[in-house]
Structures are given as C-alpha cells and as structure tokens.
Amino acid sequence: MLGYVSWRHVVVVVKMQRAVSSFPLSSGVKLKLLSAGFRFAGDLQHVTPPKLSHEAGLSQQEALEALQVVTGGGAAASLTAMELLQMEAELRNIVTFSSKLDSALGGGVPVGKTTEICGTPGIGKTQLCLQLSVDVQVPPCFGGVGGHVIFVDTEGSFVLQRVIDIAAAAVRHCSLLAEDDEQRGAMTTFTVETILSNIFLVRCHDYVELLAELHLLPDFLSDHPRTRLLVIDSVARPFRGFDDLSQRTRLLQGLAQQLVALATRHDLAVVITNQMTTRVRGSQSQLVPALGESWGHASTIRLLLQWSGSQRLATVVKSPRHMDATVQYQISSDGFRDADQSDERQAGV
Amino acid sequence: MKLDDLELEPRITAAVRRGQRFSSVSEVFGVSVLDLQRFTGLSRADVQQLTAAAAASCRRRPPVPALLLHRGECGGLASGLRLAVGCPVLDELLRGGLPVGGVTELSGESGAGKTQLALQLCLCVQFPTQHGGLNSGAVYICTEDTFPMRRLRQLITEQPRLRTDVPPSLISSLCFTDHIYIEHAADLDSLSVCLSRRVPLLLARGLVRLVVVDSVAALFRAEFQADDWLQRNKQLLALAATLQHLSDEFNTPVLCINQVTDVFNSSDRLSPVMSQVSPALGLAWANQLMVRLMLLRLQGVVAQGDQRSALRRLEVVFAPHLDKDGRDAAVWREGVRGVCVCEQRTSCQ
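Residues numbered from 1 in each chain as written. Chains lettered and ligands numbered in written order. Predicted model: local features only at pLDDT ≥ 70, side-chain atom pairs only at ≥ 80, totals over all residues. Heavy atoms only, no water.

### Some points on the sheet that holds strand β11 (residues 311-318) of chain A
Strand pairs in the sheet, formed through backbone hydrogen bonds, run parallel or antiparallel to each other. As summarised here, the arrangement of the 10 strands in space is β13(A)-β12(A)-β11(A)-β10(A)-β3(A)-β7(A)-β6(A)-β4(A)-β5(A)-β1(B), forming an open sheet in which the pairing is mixed. Because the sheet does not close on itself, it has two edges, and the strands there are β13 (335-338) of chain A together with β1 (64-65) of chain B. Sheet topology note: the strand β6 (residues 227-233) of chain A/strand β7 (residues 269-274) of chain A ladder contains 4 bridges and is parallel. Bridge assignment links Ile232 of chain A to a residue of β7 of chain A, and that residue is Ile272 of chain A. (Pairing = 2+ DSSP bridges. Helix = DSSP H or I, 4+ residues; strand = E, 2+ residues; numbered from the N terminus.)

Below, the structure written as structure tokens:
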C-alpha cells in the first residue's frame, strides 16, 4: 500500500518527467540539449549555467535562459484552496454609485476579474465606464480603492466635459459624507484636478493599435503601480467588419487570455464594453452581444444594459458569485445612479 | 510599416525574413506567441523583443493623463472643440455644438428640416473659432436630389439676421460660396471614390473642416433587397469606418443625414419608445455613431414678424456628453433657430 503522498510531491514528480522538447525554447537550443543527453526537466535540475554551456555547447546567455525556462522560472507555486479563499476575502470592489447595482454585483465591480458591459447604443455603457474611472479613485477611508485608471478608447466617446461633470459630482458626494479628520484630509487629494490627472487616456483606431497597446500595458503598469482599473471602450468596435472570422476568433481568444492575465497579475479590474448585434434564426431575430459565441466565455462577469419602455435596466447575466438580478438605473447629470424612487413607484417595479 | 524598419537585433530580423510569413508589422499581432516561435524559430525572449518593438511602432501616442487634455496640451486628442449650429438655444442643447472628433447623425422625416440645418452648418463652419466656427470650408455630398443652391443663397443673404452675435462687417467679409464644395454621389461606388480621393485631398489642404453626407439612407435603401442584408451590413460598416477615419485623421466633424422608418413593434428594445418613427439603417449603423440627433415635425405653427413656420423639435437621442433632451425649433428664411418657450406660448395656435 502506498503511504500518504501529498499533492505537492506528486506535482513535483510530474514536473521532473516533462520532456525538454516540450518547453518553449528555440529549436537550435533544443537540438543541442538533446544531443548532449538532457532529455527531461529532471536532468537539468542541479546543473549550473557554466556547466550546461560547456556540456551542450551553448553560449552563457542561452544556457541561463534555458535553465530559467525549464526549471519553472515562469510557473507559480501551487496554491491550496484555503489560501485562495483568504485571497478572495481581501478582494476589493469598485462602487458604481448605484447602490442597487452594487448589491447585485456583491459590492461593485471586482478588482482582479474581468467584467463585460453589453448594450445597445445610448444605453449607458460609456457612462458606466466613466463613472467607474472616477469611482476607482475614491479614497480608501471612504471605502474606495484609491487607484488610478487607464482608459483605452476605441470609439472616440471619451468626452472630457462629461468626465468633469461626473468627477465634480463624486467630489461633492464625498465632501458631504466626510465626517472625521482622516476623511476630510483625504478630500484634499480627491479633487477634480487630481481625478483628471489619474485617468490615463489612450486612443486606438483599429485592432492592431489595440493589440499593440495591450502588449505594452505591462510596462505602463510597472511604471504606474497604483493603477487598479483598465477600461476598454469598446472592444467590439475594432473587431466588427472582419472578413476572416476564424482569425477574429483567434485574436479575441488571445485578447481574452491577455486580459485575464493582466487582471490577476497586476491586481486590476478589467472592464470592457461590447456592442449588440441581431442574430437571425429562421424567422426570429434576437439581440445578442456581438463578437460571437466564444467571446461569451471571455469575461468573468457579464452585465447587460437594456431598455424596458423608457426605463434603463441592468441585468447581471453571468457571475460566479451571484444569481442573475435585474436592477433599474438612470443616467443623470451627475453620472450613473439609482433610478429615482418616484419613477419606480410609477412604473410599478 | 515594414518589418525591416524595426529596431531589432539583426538575427531576429533575419529569422523573421527567413520565415517569409510577415510582410508588415501589423501581421505580427495576428498570430499567437507560440505560433510566432514556430514560424521564426526564435526563442521566447527574442519573440518578446519582436512583439515589443512591433507594438512600440504601432502605437501612435502613449497614454496621456486627462488633466493634460483639459489644459489643451495635447492637440487633436479629445480636444473638446465644437462646431456651433448658429443658434444659442440649439447650441446650449448641444453644449457648444457638434463635436469635432466623431460621426454625428441627424435623422428625421422628410420636410423636417435636416437639409436646412446641414446648409446652416456649412455656413457656420466658415466663421472664426471665437464665433463657434472652425475657420474653414465644408464639403457637401448629395446622394438624393441636386444641391439646393437657391436656398443656400437665401441663407447667405439672411446671415446677419441669424448671427446677431457676429459683427456685420465680419459676415460681409466672408465669401461663403467659395468655401462650400459640392459633390454628387448617386451610388455606393461613387461615394466611396469621393470619400477616398477628393474629400481627403480637401481635408489635407485645410480647405474644409466639415463633411456632410445628405443622405446615407438613400444609398442603402435603393440598392439592396431584403435578403442582401449581409452584404449591406458589410458596406455600411465600411462606410462608417471610412467616415470615422476621416474624422479622426483630420479632426473634422462629420454629419450624416438619415431617413426614418415607422416603428411597428414597440417591444423593440433598441431604444425607449419615443415616437412613431425611428432612424433607418438599423443597429449595425447605430453602433458606429457618436452622436444621434433627431429632428421631429410637431403640430403647431410659430410666427415671427411676417414669417410663419411649422413647429419642429431637435432631440438628442444619444450622445456621450449630452442629456436626453430636446428643444423646440422652427425653420425661417434665415435658417433653423430654436424657439424659446415664452416665444412659443404666445405665437403657437
């Protein structure tokens, strides 16, 4: 009978058996390693770079690189579920300033996850993105995240006038709430000017510029470690009208993976907006989010904004933590807010 | 951009050229990192260098803090410049006028006054910036009827009556007809020729800073049958992309005039139930617009001196920086002017 073997031990053993040819090294280096007799990851375990370069005929640089790749320089240590639970408890949320939507989302838009906002033109997707860009900067003593934001605009809908309206309203709201000295002190750094200085705008005109910007984002994030929100408004625009749909699907899958990696590695909330399109099935037509079926799996949380008569409704259609819920909201001159109570009573909601 | 122009180590450039898969930099983003390694035979670090250099060359401008935009230190990007309509009531509704960096749509029934407003804008654009203009001319592309030359001449004669805020000497010094370029495009092909050759030339030379397409719907409704909608969508998206590109490249407002269709199915969740009509061309077109305005014809007549006009209403359907609001308006000899509420009450039947 086998004695108790911990999972970590099993994982380590499996890692040692991995063939050198399966690692992402250049073919010349692989050839040299194999001909020198290093066939498995375990063979390279206790080899120093100078010894490897001597035995396999590699340059010092190549040997160093090969060892880093093979001995798991990129792979993170495995975590237990308990550790994950503790990490989740520390996750923060960015409020939307609509209390109903915040409770439907479990506190707000979560940092460390990707959230997608879908809706028809004019429903309020950009408004919610602008609101979140201001809300992410709310100081921690008010319950906010106190972070910066990078706003990737592909539609040209980032209008400064509107951002200033929303920022001014948020500052007014927090000034009214300020009770103790700490909060009053924080208000000196939460002004319209500082809010504007912490929103970084990038304008992308096509999918190439968008993908290029995402490639360069890790460098930006290491220069600006306080960034907690990435907004892409919208991800659909550069990818509409693609002729080669299979290429589009591949690009979108790569994009989705990049966004998840950015969200987890850099502790960012990633918010993307998507357009709607009509799907015709026989004689029926239906409004569905654009970019295809496979894109539906890209984000952790999906928020659908739609009209119902003259009311605006927000539905959480996909969330790992909460049931589907629909709330009513409005876009006022101050930004994204709960619908007026009087409107609700009239509508019989 | 050519791959050879990138600043890379010669062996990386050589490996890419040997692979013979990529002719331009943008194609590098079309494939995943693993595929890149496979095609070029380079190591992961080299591929990362390649994508970083490609990304840096594709990026037009690094992220900019919104505060610098507010201070006007980034010419062109989200400048907040507006093209005034020439009437203080309507300009107040639009918070300054048409935004310079996006496609604005003006839809309405026939006889509502869309062409009137478009002609008025062709004159407004010629005023200097302190009077709400852009100090340049306009190009007017007719797709339906011939250009209304007589009406334009009448508007020019009556300009001093409309623009009471501008000194008469300035108005008389402007030679309006010299700076309005008229194009006719009866079908999609001639429109695309016009937009790809003549219009960019006029824009590049600084001769015009307003593009009007009157109307977009006419081209699409005539040419396509009901089952050609896939092809129609493709053409629509291509046209929208061209217009957006012109607007971004030359920082120019683009005004598209659209027709309306009747709304039968009021459970259509595209927009709130507002009126009996909705703009033509559907969701695919609506997704490409920044600002959507509608000119409605109402019951009632307004009188002013010896003139009488049917009452109209200019509504903002959606815009990222505007309230969903409207103003009553009327069409006079001197142009389209908003009607103040007090005026309306005394003169309306």
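### A closer look at the packing of helix α2 (residues 33-40) of chain B against helix α3 (residues 44-58) of chain B
All names here are of chain B. For the pair α2 and α3, the least separation of the axes is 10 Å and the interaxial angle reads 110°. In terms of their interaxial angle, α2 and α3 are classed as roughly perpendicular. Contacts between α2 and α3 involve Val33, Leu36, Gln37 and Thr40 from the first element and Arg44, Val47, Leu50 and Thr51 from the second. Its residues assigned to classes, the contact of α2 with α3 shows 4 nonpolar, 3 polar and 1 charged. (Axes fitted to C-alpha atoms, helices over the stretch in contact; angles between N-to-C directions. Parallel < 35°, antiparallel > 145°, perpendicular 65-115°, else oblique. Contact = heavy atoms within 4.5 Å. Nonpolar A, V, L, I, M, F, W, Y, C, P; charged D, E, K, R; others polar.)

### Digging into the packing of aromatic side chains
The geometry of two aromatic rings is summed up by the distance between their centres and the angle between their planes. A complete count under the given rule lists 8 aromatic pairs over all chains for this structure. On the numbers, 6.0 Å between centres and 40° between planes, the contact of Tyr207 of chain A with Phe239 of chain A is tilted. Linking Tyr207 of chain A in helix α11 (residues 207-223) with Phe239 of chain A in the loop between β6 and α12 (245-265), this pair joins segments that are 32 residues apart in sequence. Of the two residues, Tyr207 of chain A and Phe239 of chain A, neither departs from the other in class, the shared state being buried. Grouped by ring-pair contacts, the aromatic residues Tyr207, Phe239 and Phe242 of chain A constitute a single cluster. Positioned above the aromatic ring of Phe23 of chain A is the side chain of Arg18 of chain A, whose terminal nitrogen or guanidinium carbon lies 4.0 Å from the ring centre. Directly above the aromatic system of Phe127 of chain B lies the positively charged group of Arg163 of chain B, at a separation of 4.6 Å from the ring centroid. (Phe/Tyr/Trp six-rings, centres within 6.5 Å; stacked < 30°, edge-to-face > 60°. Buried < 20%, exposed > 50% of the residue type's maximum accessible area, 1.4 Å probe, protein only. Lys NZ or Arg CZ within 6 Å of the ring centre and 35° of its normal.)

### Comments concerning the pattern of salt bridges
For side chains bearing opposite charge, pairing can occur when the charged atoms are close. Residue and element names in this part refer to chain A. Taken as a whole and judged by the stated rule, the model has 25 salt bridges over all chains. The salt bridge partner of Arg162 is Asp165, with a shortest N-O separation of 3.7 Å. Taken together, the positions of Arg162 and Asp165, both in helix α8 (residues 160-177) and 3 residues apart, correspond to about one turn of that helix. Judged by relative accessible area, Arg162 falls into the buried class, the value being 6%. Given a relative accessible area of 23%, Asp165 falls into the partly exposed group. Asp267 is paired through a salt bridge with Arg228; the nearest N and O atoms lie 4.0 Å apart. You can see Asp267 sitting in the loop between α12 and β7 and its partner Arg228 sitting in strand β6, a full 39 residues away along the chain. Judged by its relative accessible area of 27%, Asp267 is partly exposed. The buried category is assigned to Arg228, whose relative accessible area is 13%. (Salt bridge = Lys/Arg side-chain N within 4 Å of Asp/Glu carboxyl O.)

### Considerations on the state of the cysteines
All chains considered together, the criterion is met by 0 disulfides over all chains. Not part of a disulfide, Cys204 of chain A finds its nearest cysteine sulfur in Cys58 of chain B, a span of 10 Å. What makes Cys204 of chain A buried here is its relative accessible area of 1%. (Disulfide = S-S within 2.5 Å.)

### Points about the nonpolar core
By size, the foremost hydrophobic cluster in this structure holds 56 residues, and its most contacted members are Ile94, Phe158 and Leu229 of chain A. By residue number, the principal contributor to this core is α8 of chain A, which donates 7 residues. Contacts of Phe158 of chain A, omitting those with residues within four sequence positions, involve Leu130, Phe151, Asp153, Val163, Ile199 and Leu201 of chain A together with Ala66, Leu69 and Ala78 of chain B. Core analysis: the second largest hydrophobic core is formed by 53 residues, Leu216, Leu252 and Ile272 of chain A together with Ala15 of chain B among them. (Core = buried A, V, L, I, M, F, W, Y, C linked by side-chain atoms within 4.5 Å.)

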